[in-house]
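# Structural overview
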Amino acid sequence: MYRDILFQTLRFLFLVALQVFVVNQMLQYNLVNPFIYPLFILLLPVNTSFLLVLFLSFTLGLAVDLLQFTSGIHAAATVFMGFLRIFFLRTLLSKENYEKNITPDIRNKGLAWFSVYAFVLLFFHHLMLYFLEVFTFAEFEFTMMKTLLSVIASLVIIILLEYLLIPVSKKE
Amino acid sequence: MLVFNNSPFHQASYLNSANRFTGGIYTISNNINQYFHLRSVNDSLVAENARLQSHFYILDSNKNDIDTFVLKDTAEHYVGRYTYTAADVLSNSTANRNNYLMLNVGAADGITKQCGVVCNEGVVGIVYDVSEHFCTVLSLLNSNVHISVKMDSSNHAGTLAWNGKSALFAQIDDINKHVKLEAGQRISTSGLNTIFPRNIPVGEVQETRIEGNTNHITVKLSTSFETIYKVYVVKNLDFDEQQKLLNNIK
């Protein structure tokens, strides 16, 4: 139990640091601007309570907001994503998955399932994020384009990161 | 001339503020990062030194204060007093719609809100929030920043804003279409606001497109925003006095 909490805390800090100090420094284009920190929410165990997911989403978004000087847009987008995650998992997971309290990752559910899961949730996260950031529908096409391209970039990095994290989660 | 549109969305300034926590984290990150671009910082400082050598005579006429740069025109009229404070960029972004920088100077160094920020290449942005040892800066690449600029050749003034598409270009939409414009014409700050002194480089005309009565000008920015490491905070010592007069108009 304590080990799980410690492990999740480390993952939280690792992803926020990776986002702010590596990804934000390396990939700065106005059309492609990937965000990989939502991986933390994607990889929470399926039985994590609804309120806890929302709370963690908010904390995660707020941490990124504080480091990027954005006033709450990451928090809003991540909470939205955490909210959708519950419904997505409920429709797509079997009872067995819930009984075993699996982590919805590539090892447990396979690459194809994880890609769809990550793509859909990341899409809504990025959509919310970019529209809140621009705060107008005037640049609709540009914002949609930015959302789509960024989601694809985020997804590729997240899948690579997933493979990087698998050996760690085996030790659990 | 400077429009400071604080949308309600940005008024949650406790999230935006230059606090000790983020400042501390970015200081650590900067201490590591700065070794990787020592060479380019060095080159830019040498280039700037050379430029300053050639402007040395301006400082020669300044006898008030060694830190105060008194700008005088040829007829020795008083134009303005500005102090320059050197600062390191602790964090910077260019890919968002609204970009911010964090600098390692703050109230303790005499920085106040709405100071200008420039680098040796040109304009960088405007100080947004100040804490004891840090400040956050609205980058020119931010929808809330509009800067008063002029054509160097004709002195026509306009307002520069950024449309969020590329960190290399910004836009001017309010220069009349009868003004003759050619690609490559230089654009600098107009000095018509209370923030920036006159003649700080901004960029050059990339292309113009006339649509109805508006002349859409694309400006290639002289500052390369992706690689700013050393900047100067420009403080207008007459800011409060000028602002008070401007407020009386309303």
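Here the structure is a predicted model, which is why all the values come from computation and not from measurement.

Criteria and cut-off values
- Residues numbered from 1 in each chain as written.
- Chains lettered and ligands numbered in written order.
- Predicted model: local features only at pLDDT ≥ 70, side-chain atom pairs only at ≥ 80, totals over all residues.
- Heavy atoms only, no water.
- Helix = DSSP H or I, 4+ residues; strand = E, 2+ residues; numbered from the N terminus.
- Buried < 20%, exposed > 50% of the residue type's maximum accessible area, 1.4 Å probe, protein only.
- Contact = heavy atoms within 4.5 Å.
- Areas by Shrake-Rupley, 256 points an atom, 1.4 Å probe, with all protein chains shown as cover.
- Salt bridge = Lys/Arg side-chain N within 4 Å of Asp/Glu carboxyl O.
- Expected span 1.5 Å × (residues − 1).
- Bend = angle between axes of the 7 residues up to and from the residue.
- Buried area = accessible area lost by both parts, 1.4 Å probe.
- Polar contact = N/O pair within 3.5 Å; in protein donor to acceptor, adjacent residues only side chain to side chain.
- Pairing = 2+ DSSP bridges.
- Axes fitted to C-alpha atoms, helices over the stretch in contact; angles between N-to-C directions.
- Phe/Tyr/Trp six-rings, centres within 6.5 Å; stacked < 30°, edge-to-face > 60°.
- Core = buried A, V, L, I, M, F, W, Y, C linked by side-chain atoms within 4.5 Å.
- Domains from an automatic or database assignment.
- pLDDT = per-residue confidence, 0-100.

### Notes on the overall build of chain B
Scanning chain B from N- to C-terminus turns up 5 helices and 13 strands. Burial status across chain B gives 45% buried among its 250 residues. Of the contacts made within chain B by residues no fewer than 6 positions apart, 61% connect residues no fewer than 24 positions apart. Only carbon and sulfur atoms are counted for the fraction: they give 52% of the accessible area of chain B, which is about 13000 Å².

### What to know about the pattern of salt bridges
What the rule picks out here adds up to 6 salt bridges over all chains. Here E139(A) makes a salt bridge to R97(B), at a shortest N to O gap of 3.8 Å. With E139(A) in the loop between α7 (111-134) and α8 (140-170) and R97(B) in the loop between β2 (78-92) and β3 (100-103), the pair connects residues from two separate chains. The partner of K230(B) in a salt bridge is D88(B), and the shortest N-O contact between them spans 2.9 Å. Taken together, the positions of K230(B) in strand β13 (residues 230-236) and D88(B) in strand β2 put the pair 142 residues apart, joining distant regions of the chain.

### Topic: helix α1 (residues 2-26) of chain A
Helical geometry note: an α-helix holds 3.6 residues per turn, so side chains three or four residues apart project in the same direction. Residues and elements named next belong to chain A. Taking 1.5 Å of rise per residue, the 25 residues of α1 would be expected to cover 36 Å, and the 35 Å separating its terminal C-alpha atoms lies within 8% of that figure. Of all the bends in α1, the greatest, near 35°, is centred on Q19. Every buried residue of α1 is listed here: F7, Q8, R11, F12, L15, V16, L18, Q19, V20, V23 and N24.

### Some words on the environment of N215(B)
Residues and elements named next belong to chain B. Position of N215 relative to the elements: it lies in strand β12 (residues 214-221). Assessed through its relative accessible area of 2%, N215 is described here as buried. For the pair N215 and D174, spaced 41 residues apart in sequence, the C-alpha separation works out to 6.9 Å. Among all residues touching N215, those that are not within four sequence positions of it are I172, D173, I175, N176, K177, V179, L181, T208, R209 and I210.

### Observations regarding the interface of chain B and chain A
Tallying the contact residues gives 29 residues for chain B and 22 residues for chain A. Together chain B and chain A conceal approximately 2300 Å² of surface at their shared face, both sides included; 58% is due to carbon and sulfur atoms. Where chain B touches chain A, the interface holds 1 salt bridge. Connecting chain B to chain A are 4 residue pairs in polar contact (both at pLDDT 80 or more). Those elements giving two or more residues to the side of chain B that touches chain A turn out to be α1 (13-16), α2 (20-33), β2 and β3 of chain B.

### Thoughts on the sheet that holds strand β9 (residues 169-172) of chain B
Reading around the barrel, the 6 strands line up as β7-β8-β9-β12-β11-β10 (chain B) and close back on themselves, with antiparallel pairing between neighbours. Between one strand axis and the next, the sheet turns through 40° on average, direction left out of account.

### Here's the deal with unusual backbone geometry
Glycine aside, residues mostly have negative phi angles, and peptide bonds mostly take the trans form. Residue and element names in this part refer to chain A. Despite not being glycine, F69 has its phi angle at roughly 60°, a positive value. Tracing the sequence through the fold places F69 in the loop between α3 (50-68) and α4 (73-92). Residue N101 is not a glycine yet carries a positive backbone phi of 50°. You can see N101 is positioned in the loop between α5 (95-100) and α6 (106-109).

### Remarks on the packing of aromatic side chains
All names here are of chain A. Inspection of the entire model under this criterion finds 17 aromatic pairs over all chains. Arranged with centres 5.2 Å apart and planes meeting at 90°, the rings of F12 and F40 form a pair that is edge-to-face. You can see F12 sitting in helix α1 and its partner F40 sitting in helix α2 (residues 39-42), a full 28 residues away along the chain. Overall, F12 belongs to the buried group, its relative accessible area being 14%. Residue classification places F40 among the buried residues on the basis of a relative accessible area of 2%. Relative to F83, the ring of F50 lies with its centre 6.0 Å away and its plane at 45°, an arrangement referred to as tilted.

### Section: the nonpolar core
The biggest cluster of nonpolar side chains holds 102 residues, and the ones touching the most others in it are L39(A), F114(A), L103(B), L160(B), V231(B) and V233(B). In this structure, this core is formed jointly by two domains, domain 1 (11-141 + 227-249) and domain 2 (147-221) of chain B, each of which donates at least three residues. The contacts of L103(B), once residues within four sequence positions are left out, are A87(B), D88(B), V89(B), L90(B), V117(B), H133(B), F134(B), C135(B), V137(B), V231(B) and V233(B).

### As for the confidence of the model for chain A
Taken as a whole, chain A shows an average pLDDT of 88; of its residues, 95% reach a score of 70 or greater. Across chain A, the element-wise mean pLDDT spans from 84 in α5(A) up to 94 in α2(A).

### Focus on α7(A)
Residue and element names in this part refer to chain A. With 24 residues, α7 should cover 34 Å at 1.5 Å per step; its first-to-last C-alpha distance of 33 Å lies within 8% of that length. In terms of burial, α7 is largely enclosed, as 17 of its 24 residues are buried. At the C-terminal side of α7, F135 shows a positive phi close to 60°.

### Focus: the side chain of Q68(A)
As for its position among the elements, Q68(A) is in helix α3. On the accessibility criterion, Q68(A) (9% relative accessible area) is buried. Filtering out sequence-adjacent residues up to four positions away, Q68(A) remains in contact with Q19(A), N24(A), F35(A), H74(A), Y26(B), N96(B) and Y100(B).

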